[in-house]
Amino acid sequence: MEKLPMATISTENFENCVPSARVMRALYGDAAAASAPRFSKLAKRHSETFGSAPDAFFSSPGRIEIVGNHTDHNAGKVLAAAVTVDTLGAVAPRDDSVIEVKSENYPMLRVSLDDLAFRQSELGTSVALIKGVAEYFVRAGKRAGGFTACMDSCVPKGSGVSSSSSFELIIAEILNHYYNDGALDPIFKAKASQYAENVYFGKPSGLMDQSAIALGGVNMIDFRSFDNPVVEKAVWRFEDLEIFVVATGGDHSDLTDDYAAIPAEMKTVAEALGGKLLRDIEPGKFYAAEDGLRGKIAPRALLRAEHFFEENVRVERALKAVGDCDEGTFLSVVNESGRSSAEKLQNLYSVHGDHLIEEALAKVAPVDGVLASRVHGGGFAGTILLFVAKDRSDAVNEWLKSEFGKDNVFRLLIREPGACRIALTEEV
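Notes on the structure in this doc start here. On a predicted model such as this, the values are computed, not experimentally measured, just so you know.

Description of the overall build of the protein
Here comes step 1: Helix and strand counts for the protein stand at twelve helices and twelve strands.
Here comes step 2: In summary, the protein has a C-alpha radius of gyration of 22 Å against a globular reference of 22 Å for 428 residues, a match within 12%.
Here comes step 3: Along the three orthogonal principal directions, the C-alpha set of the protein runs to about 70 × 50 × 40 Å.
Here comes step 4: Considering only residue pairs separated by 6 or more positions, the protein has 74% of its internal contacts joining residues 24 or more positions apart.
Here comes step 5: Here the protein has roughly 17500 Å² of accessible surface; of this, 50% comes from carbon and sulfur atoms.
Here comes step 6: A distance of 2 Å separates the average location of the 46 positive side-chain charges in the protein from that of its 61 negative side-chain charges.

This is the structure we're talking about:
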């Protein structure tokens, strides 16, 4: 990705602290004008909070999973993308080893790089995420240093677009830019962020969310090697499509067993065929052995294995469709992925919970302008993903808000820049 130019910010003229129209369009699409006041507000807040103007702005997007539902944990393939919501920070480096981050209506976060020890009491906190990213940098022999930041996020929490990963990646990119000459590759920053979330924050997660945010745009990510995933980029040219993520409600708190059962059942099939993960097994070997496994392996586990192998093929088809600008095939594959999640992966509802995702998908499918729909992310409770014809998107937006509530509907576009430093001028 092209590096966006450096910001130059004056303490005397916060009103002009807005990047060019080109840069704003790249970051926020149709929401560029509405996003502009955030820059001046953050620059002013940084000056008031820390006594000096920020040096630059940094932005880290949210992400969507397009195709590749529950494949990454078994070393499969995903097609994911960065989208036009972000964590935005007005940032300045400092000479000592202290990181201070202030978000409106939240207490100051303060981390000393001289003490990056894990603490049980910090599990689930933003301090843990900052410490975890910094510790990964240090452990990997990279440099870390202090900075001040005022941040604002429009990445909706609990909506399946990875607000925590967005925060992790802005920390990683700040450390990359100021202390590592901007030379660290996206996957390194993604791994630092995943480490922070897994070890310091205490939330198990694969590498998909962080990779999509670090890379920007649309990417196929092949996790055959977790240490060195293979990335293939595609250029998004479907200008007549808009994307909606809709929060359907529901509670994730009692669904840990449901989530854990998917990779566990897939691994049971792999082990029966001599592997550890389904990616270790050739699809032909699985299909040749499937009938013989009936009665030995739970029927749902076999269906979930079928989903895995078929979903990897769908990822490849969707990637090609994006590259070829073949909208019909792309939408067809997204719908196929959704049906497979419902029928084979079986993650639309939990026997312990509600049927809100299943009911929401049934409601949106016949709506004029909705061209493709599927469960988004982990499933069982949470969000759905829609691709909508742009000429019908306003009407669809109003219908969705009336049906699900205006605070539960998020209108998005694909964003090409991943986590990055952004600027006020066109000059490099």
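Having seen the model, we can carry on.
Points about the environment of Tyr259
Here comes step 1: Checked against the element boundaries, Tyr259 lands in helix α7 (residues 256-272).
Here comes step 2: We classify Tyr259 as partly exposed; its relative accessible area is 23%.
Here comes step 3: Distance from Tyr259 to Gly379, taken between C-alpha atoms, is 8.3 Å for residues 120 residues apart in sequence.
Here comes step 4: At a separation of 2.8 Å, a polar atom in the side chain of Tyr259 contacts the main-chain carbonyl oxygen of Gly379.

Looking at the state of the cysteines
Here comes step 1: Scanning all chains against the criterion turns up zero disulfides.
Here comes step 2: Cys420 takes part in no disulfide bond, and the closest cysteine sulfur to it belongs to Cys154, at a distance of 13 Å.
Here comes step 3: For Cys420, a relative accessible area of 4% puts it in the buried group.

Comments concerning unusual backbone geometry
Here comes step 1: The residue Asn105 is not glycine, and still its phi comes out positive at about 70°.
Here comes step 2: Within the secondary structure, Asn105 sits in the loop between β3 (98-103) and β4 (109-112).
Here comes step 3: Of note in this structure, Gln346 is not a glycine but carries a positive phi near 60°.
Here comes step 4: Its location among the elements puts Gln346 in the loop between α10 (327-345) and α11 (356-364).

Remarks on the environment of Ala31
Here comes step 1: Inspection of the secondary structure puts Ala31 in the loop between α1 (21-28) and α2 (32-50).
Here comes step 2: Ala31 gets classed as partly exposed once you look at its relative accessible area, which sits at 33%.
Here comes step 3: In this structure, the C-alpha to C-alpha distance between Ala31 and Val85, residues 54 residues apart in sequence, is 9.3 Å.

Examining the environment of Asn408
Here comes step 1: One can find Asn408 in the loop between α12 (393-404) and β11 (409-412).
Here comes step 2: Look at Asn408 and you get partly exposed, because its relative accessible area is 29%.
Here comes step 3: The spacing of Asn408 and Gly158 is 250 residues in sequence and 9.9 Å in space, taken between C-alpha atoms.
Here comes step 4: When neighbours within four sequence positions are excluded, Asn408 is seen to be in contact with Val245, Val246 and Ala247.

Points about the pairing of strand β1 (residues 56-67)
Here comes step 1: Across the twelve residues of β1, twelve count as buried, placing the element largely inside the fold.
Here comes step 2: In terms of strand pairing, β1 meets strand β2 (residues 77-93) through eleven bridges, oriented antiparallel. Its bridge partner lying in β2, Phe57 is registered against Ala90.

Details of the pattern of salt bridges
Here comes step 1: Using the criterion set out here, one finds 35 salt bridges in the structure.
Here comes step 2: A salt bridge links Asp96 to Arg94; its shortest N-O distance comes to 2.7 Å.
Here comes step 3: The shortest N-O distance in the salt bridge between Asp407 and Lys406 comes to 3.4 Å.

The rules behind the values
- Residues numbered from 1 in each chain as written.
- Predicted model: local features only at pLDDT ≥ 70, side-chain atom pairs only at ≥ 80, totals over all residues.
- Heavy atoms only, no water.
- Helix = DSSP H or I, 4+ residues; strand = E, 2+ residues; numbered from the N terminus.
- Rg over C-alpha atoms; globule rule 2.2 N^0.38 Å.
- Contact = heavy atoms within 4.5 Å.
- Areas by Shrake-Rupley, 256 points an atom, 1.4 Å probe, with all protein chains shown as cover.
- Lys, Arg positive; Asp, Glu negative; His and termini not counted.
- Charge placed at Lys NZ, Arg CZ, Asp CG, Glu CD.
- Buried < 20%, exposed > 50% of the residue type's maximum accessible area, 1.4 Å probe, protein only.
- Polar contact = N/O pair within 3.5 Å; in protein donor to acceptor, adjacent residues only side chain to side chain.
- Disulfide = S-S within 2.5 Å.
- Pairing = 2+ DSSP bridges.
- Salt bridge = Lys/Arg side-chain N within 4 Å of Asp/Glu carboxyl O.

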